[in-house]
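Structural description and commentary
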Amino acid sequence: MSIPPKPVPPSVNGWNAEYVEQAYQRFLADPQSVSDGDRAFFAGFDLAAARSSPASGQAASAPAVASGAGHPSGLGSGFQVAVDRLIEAYRELGHIVAELDPFDRVRERPDALKLGHYGLTDSDLDRTASASGIGLGETATLRDIVQHLERTYCGSTGIEVMHLSNINERDWLLSKIETRGGRFDLNAEERIAVLRQLLQAETFETFLGKRYPGEKRFSLEGSESTIPLLDRVIDRLSQLGAQEVVIGMAHRGRLNVLNAILGKTYAQIFTEFEDSWEEDFSDGGGDVKYHRGYSGSRKYDDGRSVHLALASNPSHLEAVNPVVLGRCRAKQRLMGDKERRGVVPLLIHGDAAVAGQGIVSECLTLSQLRGYRVGGTVHVVINNMIGFTTSPEFARSSRYCTDIAKMIEAPVLHVNGEDPEAVVAAAELAAEYRQEFGKDVFIDLWCYRKYGHNEQDETSFTQPIMAKLIKDRPSVLSSYSDQLFNDGVLVREDLHQIKQMIDDALEEAQKHAKSQPYDPTIDPGSARWQGIKPVYTHAPTETGISMQTIEQIASALSTVPDGFTVNPKLKRVLKARGELPSTELLSYADAESLAYGSLLLDGVSVRLSGQDCRRGTFSHRHAVLRDYETDDTYKPLGNMLPQWEPSQGDFKPGEQQAEFCVHDSPLSEAGVLGFEYGYGLVDPNMLVLWEAQFGDFVNGAQAIIDQFIASAEAKWDRWNGLVMLLPHGYEGMGPEHSSGRMERFIKLCAQENLQVIYPSTGAQIFHAFRRQVARKFRKPLIVFSPKSLLRKPTSRLDEFTSGGFREMLDDPRFTESDAPSRDGVEKVILCTGKIFWELAERRDQLERDDIAIIRIEQIYPFHTDMMRELLAQYPESAEIVWVQEEPRNAGAGLFVADRMRSELAIELPFIGRAASPTPAVGSKRMHKLEQEKLLTDAIGPALSKAESDDGVATNSNGQAAPSGKRSAASA
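Since this is a predicted model, take the numbers as computed values, not measurements.

Moving on: the overall build of the protein chain. A tally of helices and strands in the protein chain yields 29 helices and 28 strands. A total of 971 residues make up the protein chain; the buried ones form 58% of that total. Taking as baseline every contact in the protein chain between residues at least 6 positions apart, the subset at least 24 positions apart corresponds to 79%. Total accessible area on the protein chain stands at roughly 39100 Å², and carbon and sulfur atoms take up 49% of it.

What follows is about the sheet that holds strand β19 (residues 781-786). Reading across the sheet, the 7 strands line up as β15-β12-β16-β17-β19-β18-β24 and stay open at both edges, with mixed pairing between neighbours. Only two strands of the sheet have a single neighbouring strand rather than two, namely β15 (660-664) and β24 (858-860). On average, adjacent strands in this sheet sit at an angle of 20 degrees to one another, irrespective of strand direction. As paired strands, strand β18 (residues 755-757) and β19 are joined by 3 bridges and run parallel to one another. Residue pairing in the sheet places Val756 in a bridge with Ile782 of β19. Along the sheet, helix α25 (residues 762-774) contacts β16 (686-691), β17 (723-728), β18, β19 and β24; its crossing angle with β16, the most-contacted strand, is approximately 130 degrees.

Moving on: the packing of helix α5 (residues 167-180) against helix α14 (residues 420-437). Where α5 contacts α14, the two axes come as close as 12 Å, and the packing angle between them is 155 degrees. Taken together, the axis directions place α5 and α14 in an arrangement best described as roughly antiparallel. For the pair α5 and α14, the crossing hand works out as right-handed. Facing α5, whose interface residues are Asn168, Glu169, Trp172, Leu173, Lys176, Ile177 and Arg180, α14 presents Glu428, Leu429, Glu432, Tyr433, Glu436 and Phe437. Split by residue class, the contact of α5 with α14 holds 6 nonpolar, 1 polar and 6 charged.

We now examine the packing of helix α27 (residues 864-871) against helix α28 (residues 893-904). Direction vectors running N to C along α27 and α28 enclose 80 degrees, while the axes themselves pass 11 Å from each other. Considering their axes alone, α27 and α28 lie roughly perpendicular with respect to each other. Across from Thr864, Met867, Arg868 and Leu871 in α27, the residues of α28 making contact are Met900, Glu903 and Leu904. Among the residues forming the contact of α27 with α28, the class breakdown is 4 nonpolar, 1 polar and 2 charged.

We now examine α25. With 13 residues, α25 should cover 18 Å at 1.5 Å per step; its first-to-last C-alpha distance of 19 Å lies within 8% of that length. When we look at burial in α25, the residues that qualify are Gly762, Ala763, Gln764, Ile765, Phe766, His767, Ala768, Phe769, Arg770, Arg771, Gln772 and Val773.

Of all hydrophobic cores here, the largest spans 106 residues; its most connected members are Leu142, Ile145, Leu229, Phe270, Leu346 and Ile443. Once residues lying within four places of it in the same chain are set aside, the contact partners of Ile443 are Leu229, Val233, His379, Val380, Val381, Leu413, Val415, Ala426, Ala427 and Ala430. Judged by nonpolar contacts, the second largest core, of 76 residues, contains Met742, Met808, Phe814 and Met867.

The next thing to look at is the sheet that holds strand β9 (residues 412-416). The strands that make up a sheet pair up through hydrogen bonds in the backbone, lying either parallel or antiparallel. Read across the open sheet, the 8 strands follow the order β3-β9-β10-β8-β7-β4-β6-β5; overall the sheet is mixed. Each end of this open sheet is capped by a strand with a single partner; those strands are β3 (157-160) and β5 (294-299). Between one strand axis and the next, the sheet turns through 20 degrees on average, direction left out of account. Strand direction decides the pairing type here: β5 and strand β6 (residues 305-310), joined by 6 bridges, are antiparallel. Opposite Gly296, over in β6, you have Leu308 as the bridge partner. Most of the contacts of helix α10 (residues 320-335) go to strand β7 (residues 343-350), to which it runs at about 170 degrees, and overall it touches β4 (244-249), β6 and β7.

Another aspect to go through is the pairing of β4. Among the 6 residues that make up β4, 6 are buried, leaving the element largely enclosed by the rest of the structure. By the alternation rule, side chains of β4 split into Glu244, Val246 and Gly248 and Val245, Ile247 and Met249, which are all buried. In this structure, β4 lies alongside β6, joined through 4 bridges in parallel fashion. Paired with Glu244 across the bridge in β6 is His307. The pairing of β4 with β7 spans 6 bridges and is parallel. In the strand pairing of β7, Val245 is matched with Val344.

Criteria and cut-off values
- Every chain is numbered independently, its residues counted from 1 as its sequence is written.
- Where totals are concerned, whole chains, interfaces and linings use all residues; where local detail is concerned, this predicted model gives features only for residues with pLDDT of at least 70, and gives and counts side-chain atom pairs only at 80 or more.
- To get the side-chain values, all heavy atoms of the structure are used, and hydrogens and water are removed first.
- Numbering of helices and strands runs from the N terminus, with a helix taken as a DSSP run of H or I at least four residues long and a strand as a DSSP run of E at least two residues long.
- Throughout this description, buried means an accessible area under 20% of the type-specific maximum (1.4 Å probe, protein chains only), exposed means over 50%, and partly exposed covers the range between.
- Every residue pair with non-hydrogen atoms within 4.5 Å of one another is taken to be in contact.
- Areas reported as accessible are Shrake-Rupley estimates using a 1.4 Å probe. Residue values count occlusion only from the protein chains shown.
- Strand pairing requires that DSSP identify at least two bridges connecting the strands.
- Where helices are involved, their axes are fitted lines through C-alpha atoms of the stretch in contact, as for all axes, and angles between N-to-C directions lie from 0 to 180°.
- Note on terminology: angles under 35 degrees are roughly parallel, angles over 145 are roughly antiparallel, angles of 65 to 115 are roughly perpendicular, and the others are oblique.
- Crossing handedness is read from the near helix: turned anticlockwise from the far helix by less than a right angle, it gives a left-handed crossing, and turned clockwise, a right-handed one.
- Residue polarity is assigned by list, with Asp, Glu, Lys and Arg as charged and Ala, Val, Leu, Ile, Met, Phe, Trp, Tyr, Cys and Pro as nonpolar; anything else, Gly included, falls into the polar class.
- In this scheme, a helix's expected span is set at 1.5 Å multiplied by one less than its residue total.
- Here, the term nonpolar core denotes a set of buried Ala, Val, Leu, Ile, Met, Phe, Trp, Tyr and Cys residues that are joined through side-chain atoms within 4.5 Å.

Structure below.
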């Protein structure tokens with residue numbers, strides 16, 4: 001067995017300059033006189049010097065090659081030093097000259113890969129040197145060493161692993177690579193299997209091109225080696241313990257992957273081309289065939305089975321990446337896969353997209369974070385060396401499209417798609433690395449795109465040279481079949497028979513699709529989604545909890561382990577939480593904790609993630625406490641009872657609690673929101689929440705919202721109960737800290753696809769969270785969280801022990817036993833969220849009984865019948881107006897006005913800020929003036945502090961305020 005190479009140990013960096021200089025001089029005289037670590041370091045040092053030297057000559061620091069006197073083999077001499085430096089150069093730079101280009105264009109060789117750069121000549125080729133670390137035994141001639149390194153690093157595969165700082169990983173990779181010589185031999189049966197896959201891929205594309213010439217299909221032609229690559233990755237992952245592989249990819253080659261890898265039948269695919277299946281499109285939904293997802297299982301002869309799932313994906317290319325990662329994380333949790341080897345994400349990128357789309361970087365950032373890691377992703381880049389019509393020199397600033405992989409020190413295997421056997425070897429190595437180390441790995445498949453971005457494009461307009469090269473290039477099937485013919489592995493008649501079988505199957509499938517369409521879709525859920533329906537209903541849902549449960553949660557919230565030092569500023573907060581069962585009014589923060597705690601005790605796991613969400617941006621949550629002395633963490637709601645995990649069996653109420661996962665996320669919106677959306681696809685019996693630091697920042701994830709959250713049910717029949725918490729409200733904090741952009745979500749609302757709420761009390765958010773998992777359907781829930789109300793007491797304790805979420809709230813001023821009559825109401829204000837409290841306070845100050853305020857807590861789906869019932873309680877003559885803080889072109893006003901007009905025949909005047917291209921002003925003074933005008937227009941001007949001599953309260957204009965009873969604003 002060969003001895004693996006030993007990369008530079010980190011301790012080198014701690015040595016002093018004098019020691020290093022002395023050791024280096026000993027190394028130059030006799031490399032065997034220093035330790036293995038020192039020797040490796042100095043070989044690398046000389047390589048670096050060589051790389052930085054002028055291209056025309058030898059590095060100034062490079063030692064002359066010694067004669068080797070006294071060392072018959074040359075070992076211990078300057079010759080060995082030069083050989084060591086040459087080996088290191090191949091490891092680090094061999095990929096630059098590797099034969100990766102599918103058109104056989106020669107790549108310029110750097111000086112560091114030339115013998116003369118190290119003072120070596122052809123006359124040294126038969127001298128013997130140490131070769132123990134490269135898989136050639138203890139010693140070998142320089143000729144054999146060079147040939148081995150050329151095959152390993154400069155053939156059809158280019159390896160980038162020297163940027164890995166983890167010595168064990170680098171040792172492992174170098175040993176695998178150099179022992180195998182960059183590839184491994186396939187037996188005749190395996191080679192025929194690869195040929196069959198290439199044949200099937202090419203024949204399928206050719207058939208589609210001939211039978212559906214006007215259709216976009218984003219063919220795989222020119223990159224057919226993708227199929228044997230994916231096949232081997234999945235096979236090897238399965239051999240190493242994977243039970244499921246979740247795949248994300250854009251549309252290039254997607255139809256071929258669906259068929260050859262996931263098992264979607266020809267009949268299903270042709271049904272979509274024939275456009276003969278109407279069910280998914282009857283209500284204006286559905287999606288094009290190269291965006292849809294699919295799932296299936298593979299069974300192997302040795303009894304193994306692996307489930308495959310291809311995620312649905314829009315044209316937004318890399319947007320699917322975090323969705324796949326979130327799905328994998330959720331599946332790993334349900335499986336109890338703590339080592340994260342059982343479920344593996346496989347992402348297929350395009351070369352332009354992987355370099356150009358920022359969400360790729362966001363997902364790589366997630367790869368090793370505690371709350372988001374999935375045990376490594378296998379990345380496959382179908383590198384067509386072009387993006388739509390843009391050439392690499394205009395598409396990126398790096399040498400390779402995969403250079404982004406180096407940000408997390410992921411190994412990169414560049415491979416020529418025209419060499420299927422090298423492709424298969426790279427696939428095998430990537431799968432082995434992922435399962436061994438639980439980290440990301442990239443395969444960069446160099447190939448080409450036979451046609452344009454779609455089959456109707458004319459590539460010669462923008463890439464005339466490449467278009468000519470492609471036209472003259474035989475397919476990989478043609479060249480590989482010739483290779484197998486020449487090697488005697490099969491004869492042409494065998495290939496003919498295989499092709500005829502595939503042709504016959506294609507013909508039969510197309511006939512079937514024309515005469516008897518085959519449902520091309522799959523069930524939107526799985527066994528876990530049994531009983532979940534897609535239809536929304538306004539039917540009330542009882543979500544109250546017992547006082548005993550409240551007491552249990554309050555006790556946990558106020559208790560920390562012995563020896564845990566609470567931050568002095570939090571002691572009062574914890575004490576207050578312990579006293580919740582006897583507190584008269586509870587806040588939004590209290591209600592949120594009670595909702596989470598009660599769900600956990602019911603066996604419903606809760607996952608909450610976002611920037612600063614463990615503490616809460618506004619310090620209202622403190623879901624995770626930090627020891628003031630040691631920085632240790634403690635999660636009160638995670639320690640009420642022993643934790644239950646789904647993989648353990650049935651939940652035991654009263655004995656166990658579900659898992660409470662709270663994770664501070666990186667400073668990412670699109671990546672993290674996509675991850676949580678993917679997580680929510682897996683388990684309908686878990687509450688999954690994402691919180692924006694401020695609601696305004698949600699627009700950094702607009703593609704995820706538009707393409708997945710709002711439209712996935714209509715396009716792909718995918719259901720999701722994800723909750724988005726968007727802190728929202730006008731407190732004079734400026735344009736970027738006021739608005740969660742409610743209007744944008746409302747514009748996306750149709751066919752009851754979303755739930756948009758702006759709760760004004762703690763009890764409302766409590767019931768909203770609980771109802772999210774209690775009902776028999778799942779729709780994303782968009783919550784506009786009122787920042788200034790987080791700690792404001794708003795709800796009585798009895799509102800938590802019965803009832804449920806109410807889409808609209810009547811005015812509490814007119815519901816109490818001694819309330820004034822509604823007959824005197826002359827104006828009914830409709831509003832939503834925080835503004836209610838300011839309106840109610842102004843009304844109380846002015847003691848106006850002629851104004852009623854109705855809150856719309858759920859803007860969408862709009863409960864028209866409830867609105868009709870509420871308004872019927874007030875005089876028909878009463879004026880009905882809409883009041884909001886947001887500018888006229890923002891917020892819910894335009895939407896509500898349209899509903900009132902179209903469904904209730906009521907015109908709704910607007911009171912609020914004028915239309916604006918920005919959410920809010922940047923001046924606190926201007927904010928106060930705007931807010932005062934809004935309240936004055938809606939209720940009346942504020943009272944002055946002075947009163948008139950006769951005791952009548954006056955407003956700021958000295959006018960007597962309207963008389964009436966004063967009432968509390970609390971619900």
